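Examining the three-dimensional arrangement
Chain residues, written in single-letter form:
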Amino acid sequence: MRVIIAIGYTFSAWLACGFLVFAGYKQLTSRVGQVLVHCFGIVVCFAPVFRLYFRRPDPLGPAAAAATAFFFIVALDIFLVARFFTHGTEFFKSFWDWQLPALVLVTTIYLSGRLAR
C-alpha cells in the first residue's frame, strides 16, 4: 500500500510538472532554456509534493520513494509520452532530454525525504 501511495504522489507531481514544462517549452526556443525549464519544473513540482508525502505517517524511505517514483515515471514515459507525444523512445538516450531531468528528479525526492526526517 505504501508504494501505491508514493505512486499517487508521483503522478500528481508529474502532471503538474508536465503542464509547467509544456507551457515553458512554448515560450522558449533555445535548448538551454528548455532544459532549465524542465529541471526547474521538476524541483518546483516534486519537492513540495514529496515534502507532504514524507510528513505523512509511515512513508517509504527516501531512497525507496525516489526509486519508486523513477520507475513509475519510466513506465509513464515509455507507455504514454513516447507513444503519444514524442513518437518514439529516442529521447531516453538524450542526456539533456531525459537523463539529466531523471537525475534531478531522483535527487529532489531523495533530498526531500532526508530533509523531512
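Structure: above.
Quick look at the structure, then. (Residues numbered from 1 in each chain as written. Predicted model: local features only at pLDDT ≥ 70, side-chain atom pairs only at ≥ 80, totals over all residues. Heavy atoms only, no water.)

1. Brief notes about the overall build of the protein
What counts here: Under the scheme used here, helices are H or I runs from DSSP no shorter than 4 residues and strands are E runs no shorter than 2 residues, and both carry numbers assigned from the N terminus. Radius of gyration: C-alpha atoms only; globule rule: 2.2 Å multiplied by the number of residues to the exponent 0.38. Burial status follows relative accessibility: with a 1.4 Å probe on protein chains alone, a residue under 20% of its type maximum counts as buried, one over 50% as exposed, and anything between as partly exposed. By the convention used here, residues are in contact when the closest approach between their heavy atoms is within 4.5 Å. Using a 1.4 Å probe, accessible areas were evaluated by the Shrake-Rupley method; residue-level cover was limited to the displayed protein chains. A positive count includes Lys and Arg, and a negative count includes Asp and Glu. His and the chain ends are not counted in either. To locate a charge, the coordinates of NZ of Lys, CZ of Arg, CG of Asp or CD of Glu are taken.
Of the regular secondary structure elements, the protein holds 4 helices and 0 strands. Starting at the N terminus and ending at the C terminus, the protein contains elements arranged as α-α-α-α. For 117 residues, the compact-globule estimate of 2.2 N^0.38 gives 13 Å, and the C-alpha radius of gyration of the protein, at 14 Å, lies within 12% of that figure. Out of the 117 residues in the protein, the part that is buried amounts to 42%. By sequence separation, contacts in the protein at least 24 residues apart represent 72% of the contacts at least 6 residues apart. In the structure as shown, the protein presents an accessible area of about 7000 Å², 71% of it carried by carbon and sulfur atoms. Side chains of the protein give 10 positive and 4 negative charges; the mean places of these two sets differ by 9 Å.

2. Remarks on the packing of helix α3 (residues 62–84) against helix α4 (residues 95–116)
As a reminder of what qualifies: In this analysis an axis means a line fitted to C-alpha atoms, helices contributing only their contacting stretch, and an angle means the value between N-to-C directions, from 0 to 180 degrees. Relative orientations are named as follows: roughly parallel for angles under 35 degrees, roughly antiparallel for angles over 145 degrees, roughly perpendicular for angles from 65 to 115 degrees, and oblique for any other angle. Note on convention: near helix rotated counterclockwise from far helix by under a right angle means a left-handed crossing. Clockwise means right-handed. Under the grouping applied here, Gly and all other residues not named as nonpolar or charged are polar, the nonpolar ones being Ala, Val, Leu, Ile, Met, Phe, Trp, Tyr, Cys and Pro and the charged ones Asp, Glu, Lys and Arg.
Packing of α3 against α4 brings their axes to within 8 Å, and their N-to-C directions diverge by 150 degrees. Classified by the angle between their axes, α3 and α4 sit roughly antiparallel to one another. Crossing of α3 against α4: the hand is right-handed. Taking contact as the criterion, the partners of Pro62, Ala63, Ala65, Ala66, Ala69, Phe70, Ile73, Val74 and Asp77 in α3 are, on α4, Trp98, Ala102, Leu105, Val106, Ile109, Tyr110, Gly113 and Arg114. Looking at side-chain class alone, the contact of α3 with α4 contains 14 nonpolar, 1 polar and 2 charged residues.

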